[in-house]
Amino acid sequence: MASSTTTPLLPHHHLQNPQQLAGSPAAHRLSRPTLLSGILVSVLVICALVAVIHNQSQQPYHDGGAKPSSSAATTTFPTASPEAGLKRFPIELKTNAEVEWQRSAYHFQPDKNYISDPDGPMYHMGWYHLFYQYNPESAIWGNITWGHSVSKDMINWFHLPFAMVPDQWYDIQGVMTGSATVLPDGQIIMLYTGNAYDLSQLQCLAFAVNSSDPLLLEWKKYEGNPILFPPPGVGYKDFRDPSTLWLGPDGEYRMVMGSKHNETIGCALIYHTTNFTHFELKEEVLHAVPHTGMWECVDLYPVSTTHTNGLDMVDNGPNVKHVLKQSGDEDRHDWYALGTYDVVNDKWYPDDPENDVGIGLRYDFGKFYASKTFYDQHKKRRVLWGYVGETDPPKYDVYKGWANILNIPRTIVLDTKTNTNLIQWPIAEVENLRSNKYNEFKDVELKPGSLIPLEIGTATQLDITATFEVDQTMLESTLEADVLFNCTTSEGSAGRGVLGPFGVVVLADAERSEQLPVYFYIAKDTDGSSKTYFCADESRSSNDVDIGKWVYGSSVPVLEGEKFNMRLLVDHSIVEGFAQGGRTVVTSRVYPTKAIYGAAKLFLFNNATGISVKASLKIWKMKEAQLDPFPLSGWSS
């Protein structure tokens, strides 16, 4: 039941300085701080160099020259021998009751410890496979191992034994980001970055021992690893994250990787191969953008300009654009741009150079990083995975015993109405967790300054769809309003403008001493044009002063005749927000101390001074997803 008041949202507390996560993936390549560790690393570096020299004499790095011959019809690789006893299940969490409420109920995360980059997602023989970076020993980054889980729907998961552990000289400091490729003979391989003793980044090959096993339980590392070393002119820590391979028109396979040159020019290197163990670096990069820094987790894929189905890399033609995406190592954001891929010359060109990769568009304007897409041939869609880091201090993560989660996987297509941005949307399978009944509120009148509680009971696991209709007479009579508005530099939801903010408050306590407003804000220029922003204000999301809190968001296209609409997936300490059908996405991590379990409340609000808004909502409670060890004892393929 909704009852109206005219109390504006409370003003902000003073914002705290953003907290830097010393244990986050930004520390991937940091050296060890202690003198003892430094001495040890120095000794290990010498050992590693000897091994590198020996290996290079066996498997030279190819950068030009004659191309190696193609492989035979059946692809086989010699294997490296891992140390015994390293493949094991993640340990079941012994929960800390004081922070258990922060754990998500329907997002993917292991029972305990640290998780980050999704790796090698694929659909194989009836199962979705997800590999991911995992520290089996701590809630802080380190000892990076590949976790492995399978699912029938990408929502409910079974954990499997680890796929790969850091047990060779070339990956002893971590089995880092990689991608899956299904070869012509059905063999499944993984190309991945190994962090060697000195943290140099070396590209490695692993393969499924039995590609006819639906669970892909056993993985072996190629005995000729590493297959690629940093090329001349590339820093030994600036060479990582090989992509999925795809076949070019000349019969050779392509692979892209992230790098940088001249310190500040981010770029995507491109390689060719015919036998999957020897690669030739092309003289020119696929694409480069000055002042964007190191690119990692590079992704290149096609999107249709006429249909809403996903495309595989072999799909090309006049009705196709190509997305180029990079994860910016310096700013920790995932940037993308739309453009054209020249399949003959292996060059990519942006449609709009002013919104090139690393300058304009992002997958998510909140907390979201190191993403990877894959083509789901089962349902003809392209699916996006990323990881959502913590914004609490690392000592908190150690205390609670875990860190980071993955987003709800999203379908990703071109917005064929604008042709200038992508559309991201939670996969349909997540709706199977919705309650059978839902709360509905129709045409709730929100006058300027309104704040209306929505009585729905427990409000920590929700799927919310909301539409807002703005009084057009009041909107048209406004000549100018907040032309220079920007979510991230604004006063957040407490900053009252003529045409905003208005939206939904989630994870709030009854007194709203803690709250996360997610909202629209309209800016209008003197020529009559308007621009809409979609924002999330974390500044009062927790009474804990040590938590990092930001105002996230960006502009979102609202076309003529469209209502303002948003969808929010609320799951304890994470809120994923999708505006205008997924044109702009904002993900927040929040850590309330009061607004938890039954104390969490939900509100509508309109903090604008010059417009009235009519809101309609549907709100589903969300069930928990299954995250269990796979019952291998009874398994038979």
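The structure presented is a predicted model; accordingly, all values stated were derived computationally and were not measured.

## Here's the deal with unusual backbone geometry
Move 1: Pro226 follows Asn225 through a cis peptide bond whose omega is -5°.
Move 2: By secondary structure assignment, the location of Pro226 is in the loop between β8 (219-221) and β9 (239-240).
Move 3: With omega at 10°, the peptide bond leading from Gly500 into Pro501 counts as cis.
Move 4: Positionally, Pro501 belongs in the loop between α3 (472-477) and β29 (502-508).
Move 5: Positive phi, normally seen in glycine, also occurs at Asn262, with a value near 55°.
Move 6: Inspection of the secondary structure puts Asn262 in the loop between β11 (253-261) and β12 (265-273).
Move 7: For Cys297, which is not a glycine, the phi torsion comes out positive at approximately 50°.
Move 8: Looking at the secondary structure, you find Cys297 in strand β15 (residues 295-304).

## Here's the deal with the sheet that holds strand β36 (residues 601-606)
Move 1: What the 6 strands build is an open sheet, ordered β27-β36-β29-β30-β31-β32; its pairing is antiparallel. Edge positions in the open sheet fall to β27 (450-453) and β32 (551-555), since each of these has one partner strand only. In this sheet, adjacent strand axes meet at a mean angle of 20° when their direction is disregarded.
Move 2: As paired strands, β29 and β36 are joined by 5 bridges and run antiparallel to one another. Within β36, the residue paired with Val504 across the bridge is Leu604.

## Side note on the sheet that holds strand β2 (residues 127-135)
Move 1: Overall, mixed pairing links the 6 strands, which are arranged β22-β1-β2-β3-β4-β38 in an open sheet. In this open sheet, the two edge strands, each paired with only one partner strand, are β22 (402-403) and β38 (627-629).
Move 2: Across 2 bridges, strand β1 (residues 113-124) lies against β22 in parallel orientation. Bridge assignment links Tyr114 to a residue of β22, and that residue is Ala403.

## Observations regarding the side chain of Asp356
Move 1: Mapped onto the secondary structure, Asp356 falls in the loop between β18 (347-350) and β19 (361-362).
Move 2: Buried and unpaired, Asp356 has no salt bridge, with Lys347 as the nearest side chain of opposite charge at 11 Å.
Move 3: When neighbours within four sequence positions are excluded, Asp356 is seen to be in contact with His287, Val289, Ala337, Trp348 and Pro350.

## Brief notes about the environment of Asn565
Move 1: Position of Asn565 among the secondary structure elements: in strand β33 (residues 564-571).
Move 2: As a C-alpha pair, Asn565 and Gly582 span 17 residues in sequence and 9.6 Å in three-dimensional space.
Move 3: Excluding its chain neighbours within four sequence positions, the residues that come into contact with Asn565 are Ala466, Thr467, Phe520, Phe578, Ala579, Gln580 and Gly581.
Move 4: Engagement of the side chain of Asn565 in a polar contact is seen with the backbone oxygen of Lys563, the distance being 3.4 Å.
Move 5: Reaching out from Asn565, the side chain makes a polar contact with the backbone nitrogen of Gly581 at a distance of 3.1 Å.

## Let's talk about the confidence of the model for the chain
Reading fine detail from the predicted coordinates is not recommended where pLDDT is low.
Move 1: Averaged over every residue, the pLDDT of the chain is 87; the share at 70 or more is 84%.
Move 2: In the model, residues 3-73 has pLDDT below 50 throughout and makes 133 contacts with residues more than four positions away in sequence or in other chains.
Move 3: Contacts for the low-pLDDT stretch residues 82-94, under 50 throughout, to residues beyond four places or in other chains number 32 contacts.

## Structural notes on the packing of aromatic side chains
Any aromatic ring pair is given by two values, namely how distant the centres are and how the planes are angled relative to each other.
Move 1: Evaluated as defined, the whole model comprises 31 aromatic pairs.
Move 2: Ring geometry for Tyr134 versus Phe162: centroids 5.7 Å apart, planes at 50°, classification tilted. Placement of Tyr134 in strand β2 and of Phe162 in strand β4 (residues 157-164) is noted, with a sequence separation of 28 residues between them.
Move 3: Here the aromatic rings of Tyr363 and Phe368 are separated by 6.5 Å at their centres, their planes lie at 75°, and the arrangement is edge-to-face. When sorted by exposure, Tyr363 lands in the same class as Phe368, which is buried.
Move 4: Feature note: the residues Phe108, Tyr132, Tyr134, Trp157, Phe162 and Trp385 constitute an aromatic cluster, connected by ring pairs.
Move 5: For the cation-ring pair, Arg103 lies above Trp402, with the distance from its terminal atom to the ring centre recorded as 5.3 Å.
Move 6: Sitting over the ring of Trp620, Arg434 keeps its end group 3.7 Å from the ring centre.

## What to know about the state of the cysteines
The bond known as a disulfide is covalent and runs between the sulfur atoms of two cysteines.
Move 1: A complete count under the given rule lists 1 disulfide for this structure.
Move 2: The disulfide that involves Cys487 links it to Cys535, with 2.1 Å between the sulfurs. Of note, the bridge from Cys487 to Cys535 carries an S-S torsion of about -65° and is left-handed in sense. Placement of Cys487 in the loop between α3 and β29 and of Cys535 in strand β31 (residues 530-537) is noted, with a sequence separation of 48 residues between them.

## A look at the pairing of β2
Move 1: Among the 9 residues in β2, 9 count as buried, and that is most of the element.
Move 2: Burial along β2 is two-sided: Trp127, His129, Phe131, Gln133 and Asn135 and Tyr128, Leu130, Tyr132 and Tyr134, pointing in opposite directions, are all buried.
Move 3: What sits between β1 and β2 in their antiparallel hairpin is a turn of 2 residues, with Met125 showing a positive phi close to 50°.
Move 4: Bridging between β2 and strand β3 (residues 145-151) involves 7 bridges; their strand directions are antiparallel. Directly across from Leu130, in β3, lies its bridge partner Ser149.

What counts and what doesn't
- Residues numbered from 1 in each chain as written.
- Predicted model: local features only at pLDDT ≥ 70, side-chain atom pairs only at ≥ 80, totals over all residues.
- Heavy atoms only, no water.
- Helix = DSSP H or I, 4+ residues; strand = E, 2+ residues; numbered from the N terminus.
- Pairing = 2+ DSSP bridges.
- Axes fitted to C-alpha atoms, helices over the stretch in contact; angles between N-to-C directions.
- Buried < 20%, exposed > 50% of the residue type's maximum accessible area, 1.4 Å probe, protein only.
- Lys, Arg positive; Asp, Glu negative; His and termini not counted.
- Salt bridge = Lys/Arg side-chain N within 4 Å of Asp/Glu carboxyl O.
- Contact = heavy atoms within 4.5 Å.
- Polar contact = N/O pair within 3.5 Å; in protein donor to acceptor, adjacent residues only side chain to side chain.
- pLDDT = per-residue confidence, 0-100.
- Phe/Tyr/Trp six-rings, centres within 6.5 Å; stacked < 30°, edge-to-face > 60°.
- Lys NZ or Arg CZ within 6 Å of the ring centre and 35° of its normal.
- Disulfide = S-S within 2.5 Å.

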